[in-house]
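A structural walkthrough
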Amino acid sequence: MGVPLTYTRPKHVDAQSLCSVAESKTGDSVHSGTSGYSANGIPESLAFDNIISGGTCPPMTVRDFMNYLIYIEHSAENLQFFLWYKDFVKRFGAADTTDLRLSPEWTQAMEDEVVARLRKDNAEKQRPDNAVAANMFKGTDFEKQGLETGASNPFTTPPRTAHGSDQESVYTVSHAPTSTVATYRSQASEAFNAAGAKQPFTIQPFREEINRVIATYIMDGAPRQLNLAAWEQKAAIQALSHTTHPSALRLIVSSVESTLRRQAHPNFVRWSICNGNPARVTFARGLGVGTILLGIVVGIVLCLSGAGRGWRALTAVAFVVGISTLVAAYKGMCVVLHGMHHRHVRPWELFTQESENDGAESPGASKTSFESFDSSNSYEDEPWVVKYEKRNVVRKVFDREVWIQEPALRQIQDTIFIQAILASLLFGGVLTAIFVAVPGGHFF
């Protein structure tokens, strides 16, 4: 299916726009609005599911998507958690052991009950204290009741600690050292206490892996902490204290998947359409403006001279070239790179290739970013950052290029190029007609 000439790039979606879209689409599936040119400028071949399943070519693969989230949008934890969850669901469903009965399904009714209780508690905490009434009853018998209200409840049983002689989980995501397992277990125990949840049974299947998920993605201060509301975080932790069934993460997965589909994915497609780096695009914009100004200056000189009107029509060449270059650069494209269906190599790819050519191991984050449990996604200490900053502007403008392999992306860029040509013919023709129609000055 070809790209229509009326095609427009996906609009940039920020957090505020995502919230407004989510409110307007309450009750709709998160899978809706993810394909079709008329919906958001994303063709079916570049749909979110197609990218995740590996049905695309560079630079539109899931690895490119991950690099974009790490280096551009700084939210790779969403995709890392989503990919882990998809794999976890498969492994949990394929497990055939008797201890699976210890992890029952977390039903929607149970989830709704926990969410309602958390929202009620949150509303009560936000209720302001009546200081006036406290001062009124000061020195009376009612003051003692006020003090007792804030006292600790002697009938509250403290939560059970996780330092007992519980057995390890039968299933683990990796063979982590005993000290590391104990660290994740203690961190998960702190998260359960903070959320007001009971300590879970450690003999449940996949319990150690769930502890690592809590310590890596869910609890406060986690290295890859997801952007969750407080009630979402507590609801998920309370669900995970009850069971390790994948349904316990349903609330978090729904929020993460919605962010990936409705924000990260459209932004990734929009960013991938740009075939030049910022230096090259800025250079192309300046070249387009300069060419247009050159055409205007030549047209004015010809109008003031005694040259015939036919000579003024030559300004159309400058107008068409300048306007088409400017329009394409406005959409992040360089017409010279597009003529060869090339794109600039990304900075992290550029120095990774140089390291591989020298026989050194790649220092880029792309090799470790697909590990479900690793350090944070910070890249400021990677060697390529300093190297690229020291690179002079001229070298950035004429940086290394690579061929675009994804056919759907090339079709989109072809359409944008045609739109730029049509716009240049229209506006360039108008400007040329004006210069041709103006009477000659015959000053020289």
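All figures in this text were calculated on a predicted structure; none of them were measured in a lab.

So, the overall build of the protein
Counting its regular elements, the protein contains 20 helices and 2 strands. Taking the intrachain contacts of the protein between residues at least 6 apart in sequence as the baseline, contacts between residues at least 24 apart amount to 81%. Accessible surface, the protein: about 23,800 Å² in total, of which carbon and sulfur atoms supply 59%.

Concerning the nonpolar core
Counting 79 residues, the largest nonpolar core has F65, F81, W84, I214, I218, L249 and I252 as the members making the most contacts within it. Counting residues per element, this core draws most heavily on helix α12 (residues 250–273), at 9 residues. Beyond its immediate sequence surroundings of up to four residues, F81 is in contact with V213, Y217, L226, L249, I252, V253 and V256. Within the second largest apolar cluster, 5 residues are counted, among which are I292, C303, F319 and F435.

A few points about helix α13 (residues 278–304)
Here α13 spans 39 Å end to end across 27 residues, near enough to the 39 Å set by a 1.5 Å rise per residue. All of the buried residues along α13 are A279, R280, V281, A284, G288, T291, I292, G295, G299, L302 and C303.

Regarding the pattern of salt bridges
If you walk through the whole model with that rule in mind, you get 8 salt bridges. The partner of R391 in a salt bridge is D399, and the shortest N-O contact between them spans 3.1 Å. No difference in accessibility class separates R391 from D399, as the two residues are buried.

Topic: the packing of aromatic side chains
Applying the stated rule across the entire model yields 21 aromatic pairs. On the basis of an interplanar angle of 70° and a centroid distance of 6.3 Å, the ring pair of W84 and F373 is categorised as edge-to-face. Highlighted residues: W84 in helix α5 (residues 76–94) and F373 in the loop between α17 (347–357) and α18 (383–390), separated in sequence by 289 residues. Residue W84 shares its accessibility class with F373, and that shared class is buried. Consider the rings of F319 and F435, whose centres lie 6.1 Å apart with planes at 20°: the pair is stacked. With a gap of 116 residues between them, F319 in helix α15 (residues 315–330) and F435 in helix α20 (residues 407–437) connect regions that are remote in the sequence. As far as burial versus exposure is concerned, F319 and F435 are alike and both buried. Through a chain of ring-to-ring contacts, the aromatic side chains of F48, F65, Y68, Y71, F82, F268, W271, W348, Y379 and W384 assemble into a single cluster. Against the face of W231 rests R119, its NZ or CZ located 4.4 Å from the ring centre.

Observations concerning the packing of helix α4 (residues 62–73) against α5
Relative orientation of the contacting elements α4 and α5 amounts to 140°, with a least axis distance of 7 Å. Between α4 and α5, the crossing angle belongs to the class labelled oblique. In this structure, α4 uses V62, F65, M66, L69 and I70 to contact α5, whose residues at the interface are A76, L79, Q80 and L83.

Description of the confidence of the model for the protein
When the pLDDT values of the protein are averaged, the result is 84; 80% of them are 70 or greater. When the elements of the protein are averaged for pLDDT, helix α8 (residues 142–149) gives the smallest value, 49, and strand β1 (residues 342–344) the largest, 97. Every residue in residues 32–36 is under pLDDT 50, and counting partners more than four places away or in other chains gives 13 contacts. Of the regions scoring below 50 in pLDDT, residues 358–365 engages in 14 contacts with residues more than four places distant in sequence or in other chains.

Considering a nonpolar patch on the surface
Together, V297, I300, V301, L304, F443 and F444 make up a nonpolar patch on the protein surface, roughly 620 Å² of accessible area in all. Inspection of the secondary structure assignment puts F443 in the segment after α20.

Digging into the side chain of T415
Here T415 shows up in helix α20. Residue classification places T415 among the buried residues on the basis of a relative accessible area of 6%. Discounting residues that sit within four places of it in the chain, T415 has contacts with V3, P4, L5 and Y7.

Observations concerning the environment of N275
If you trace the backbone, N275 turns up in the loop between α12 and α13. You can call N275 buried: its relative accessible area is 0%. Spatially, the C-alpha atom of N275 lies 4.3 Å from that of R343, the residues being 68 residues apart in sequence. Residues within four places of N275 in sequence aside, it is in contact with G332, M333, C334, L337, H338, H342, R343, H344 and Q413.

Quick notes on unusual backbone geometry
Of note, the bond from P58 into P59 is cis; its omega dihedral lies within 30 degrees of zero at 5°. Note on placement: P59 falls in the loop between α3 (48–52) and α4. For F206, which is not glycine, the phi torsion reads 65° and is therefore positive. One can find F206 in the loop between α9 (178–194) and α10 (207–218).

Observations concerning the side chain of D99
Note that D99 resides in the loop between α5 and α6 (108–125). Buried D99, no salt bridge; nearest opposite-charge side chain is R101, N-O distance 8.1 Å. Here T97 takes part through its side chain, which lies 2.5 Å from a polar atom of the side chain of D99.

A few points about α6
An α-helix turns once per 3.6 residues; consequently, residues spaced three or four apart project the same way. Taking 1.5 Å of rise per residue, 18 residues should cover 26 Å, and α6 covers 26 Å from first to last C-alpha, within 8% of that figure. Among the residues making up α6, those that are buried are E111, V114, V115 and L118. The buried side chains of α6 occupy one side of the element, clustering within an arc of 100° when seen end-on. For α6, the exposed residues set more than 90 degrees away from the buried face come down to A109, E113 and K120. Buried residues along α6 sit against α11 (230–242) and α12.

Calculation rules
For every chain, the first residue of the written sequence is number 1, and numbering continues from 1 onward in sequence order. For a predicted model such as this one, the threshold for reporting local features is a pLDDT of at least 70, and the threshold for listing and counting side-chain atom pairs is 80 or more; totals across whole chains, interfaces and linings nevertheless cover every residue. In computing side-chain properties, one takes all heavy atoms of the structure into account and sets aside hydrogens as well as water. Numbering of helices and strands runs from the N terminus, with a helix taken as a DSSP run of H or I at least four residues long and a strand as a DSSP run of E at least two residues long. Contacts are assigned to residue pairs that have any heavy atoms within 4.5 Å of one another. All accessible areas in this document rest on Shrake-Rupley with a 1.4 Å probe, and a residue is counted as covered only by the protein chains that are shown. For this analysis, a nonpolar core means a set of buried residues of the types Ala, Val, Leu, Ile, Met, Phe, Trp, Tyr and Cys, connected via side-chain atoms within 4.5 Å. Type-normalised accessible area, obtained with a 1.4 Å probe on protein chains alone, sets the label of each residue: buried when under 20%, exposed when over 50%, and partly exposed for intermediate values. A helix's residues, less one, multiplied by 1.5 Å, set its expected span. The salt bridge criterion pairs a side-chain nitrogen of Lys or Arg with a carboxyl oxygen of Asp or Glu, the two atoms within 4 Å. Each Phe, Tyr or Trp ring (for Trp, its six-membered ring) is paired with any other whose centre lies within 6.5 Å, and the angle between the two planes then decides the class: stacked below 30 degrees, edge-to-face above 60, tilted in between. Charges are assigned to positions over rings by a cutoff of 6 Å between ring centre and Lys NZ or Arg CZ, combined with an angular limit of 35 degrees from the ring normal. A fitted line through C-alpha atoms represents every axis, and for helices the fit uses only the stretch in contact; the resulting angles, taken between N-to-C directions, go from 0 to 180 degrees. Angular relationships are summarised with four words: roughly parallel below 35 degrees, roughly antiparallel beyond 145, roughly perpendicular across 65 to 115, and oblique for the angles in between. Each residue carries a pLDDT score, the predictor's own confidence in it, on a scale running from 0 to 100. Nonpolar side chains (Val, Leu, Ile, Met, Phe, Trp, Tyr) are joined into patches within 5 Å and like charges within 9 Å, using only residues with over 30% relative accessible area and no salt bridge. Under the convention used here, Asp and Glu are negative, Lys and Arg are positive, and both His and the chain ends fall outside the count. In protein, a polar contact means a hydrogen-donor-capable atom and an acceptor-capable atom, both N or O and within 3.5 Å, with residues adjacent in sequence counting only if both atoms are side-chain atoms; elsewhere, any N or O pair within 3.5 Å suffices. Our arc is simply the arc of the directions from the helix axis toward the C-beta atoms.

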